Amino acid sequence: ARTYVVTGAASGIGAATAALLRTRGHRVIGIDIRNADIIADLSTADGRDTLAGAVDQASGGRIDAVIAVAGVAAPAPVTITVNYFGAVATLERLRPLLVHSDAPRAAIVSSFSTLQTTDDDVVEACLQGDEAAAVSAAETAVARDGGQTLYASSKRAISRWVRRAAISPEWAEAGVPLNAVGPGIVISPMTQPMLDNPEQRDALLQVVPMPLHGPSEPAAPAELLTWLTSPANTHVTGQVIFVDGGADASLRTGDI
Ligand code: NAI
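Notes on the structure in this doc start here. Computed from a predicted model, the values in this text were never measured in an experiment. (Residues numbered from 1 in each chain as written. Predicted model: local features only at pLDDT ≥ 70, side-chain atom pairs only at ≥ 80, totals over all residues. Heavy atoms only, no water.)

### So, the pairing of strand E4 (residues 65–68)
Both faces of E4 are covered, namely the face carrying Ala-65 and Ile-67 and the face carrying Val-66 and Ala-68. Sheet topology places strand E1 (residues 3–7) next to E4; four bridges connect them, and they run parallel. Within E4, the position partnered with Tyr-4 by the bridge is Ala-65. (Buried < 20%, exposed > 50% of the residue type's maximum accessible area, 1.4 Å probe, protein only. Helix = DSSP H or I, 4+ residues; strand = E, 2+ residues; numbered from the N terminus. Pairing = 2+ DSSP bridges.)

### What to know about the sheet that holds strand E5 (residues 105–109)
Strand-to-strand pairing in sheets goes through backbone hydrogen bonds, with the strands running parallel or antiparallel. Here we have seven strands laid out as an open sheet, ordered E3-E2-E1-E4-E5-E6-E7, and parallel in their pairing. Since the sheet does not close on itself, it has two edges, and those belong to strand E3 (38–39) and strand E7 (240–243), each with one partner. Pairing of strand E6 (residues 178–183) with E7, which is carried by four bridges, proceeds in the parallel orientation. Of the residues in E7, the one forming a bridge with Gly-182 is Phe-242. Together, E4, E5, E6 and E7 form the strand contacts of helix H10 (residues 219–228), whose direction differs from that of E6 by roughly 170°. (Contact = heavy atoms within 4.5 Å. Axes fitted to C-alpha atoms, helices over the stretch in contact; angles between N-to-C directions.)

### A look at the packing of aromatic side chains
Aromatic rings in a pair are described by how distant their centres are and how their planes are angled relative to each other. According to the stated counting rule, one finds one aromatic pair in the structure shown. Here Tyr-84 and Phe-85 contribute two aromatic rings whose centre-to-centre distance is 4.8 Å and whose plane-to-plane angle is 80°, an arrangement assigned as edge-to-face. Sitting over the face of the ring of Trp-171, Arg-95 holds its NZ or CZ atom 5.5 Å from the ring centroid. (Phe/Tyr/Trp six-rings, centres within 6.5 Å; stacked < 30°, edge-to-face > 60°. Lys NZ or Arg CZ within 6 Å of the ring centre and 35° of its normal.)

### Side note on the packing of helix H1 (residues 12–23) against H10
As a packed pair, H1 and H10 sit with axes 8 Å apart at the nearest point and diverge in direction by 50°. By the criterion of interaxial angle, the relationship of H1 to H10 is oblique. Judged by the sense of rotation from one axis to the other, the crossing of H1 with H10 is right-handed. Where H1 approaches H10, its residues Ile-13, Ala-16, Thr-17, Leu-20 and Leu-21 are matched on the opposing element by Ala-219, Pro-221, Ala-222, Glu-223, Leu-225 and Thr-226. For the contact of H1 with H10, a count of residues per class yields eight nonpolar, two polar and one charged. (Parallel < 35°, antiparallel > 145°, perpendicular 65-115°, else oblique. Left-handed = near helix turned anticlockwise from the far one by under 90°. Nonpolar A, V, L, I, M, F, W, Y, C, P; charged D, E, K, R; others polar.)

Here you go:
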């Protein structure tokens, strides 16, 4: 059995991922702001310290995989601090615990929304690792347009971070595949209110066409996350893999 750390484990995709892994006999250390083995607010420095310390203690200093799922979709700076800085902190702070594994793996949940309009200032500040500048750029975006591009910006930034980090010595030479999964619309507490409203559901599916099966259950991205973080994955790294019922292929039909 392997030991997995899953953030966002209390709900939606994180809960589905933790459940799948437990069903297969693995140990899961779940992190969330509520209803989890370790309670930590990943938007804060204190919460990230709690994550690092408590996982070290709970695991005896050895884990096999990290899956960063926690995220929010508010048009507010917290979306940047959780989805980007919280996710990067999760992977970087737990990386030292992966070195003792025979098959260390890491994955993150990005989104189809990387294909949508983003705010360059926010994305750039994220990739510089400058959280204060990113929050300030996010506040500017909120004042300008209500922060409508912040969610996509957080996900664009995290996908670009994954591509860079995956080939760096810290991850590649250490033998750790690192990938992102980009779900389309997933039925979860994050999207349920929109999906329950027929007009909003139609509008959402115009923006995110999902010709194959429509909106998915959380198990669809969870299945891929478990494969990417299994010993079977030896060479897939630095990828952003869409699990989106064909949304990416619909929006970028001419691209590969
Ligand atoms: P959800 O709302 O069901 O689950 C998100 C979890 O993250 C919750 O349990 C929440 O408590 C936790 N969380 C939020 N802020 C946190 C913080 N500061 N510290 C620690 N934990 C925190 O949402 P869902 O749909 O399962 O989303 C999971 C991930 O998938 C997110 O990163 C989201 O952006 C992404 N995603 C979701 C899509 C969807 O259609 N539902 C589509 C594409 C990506």
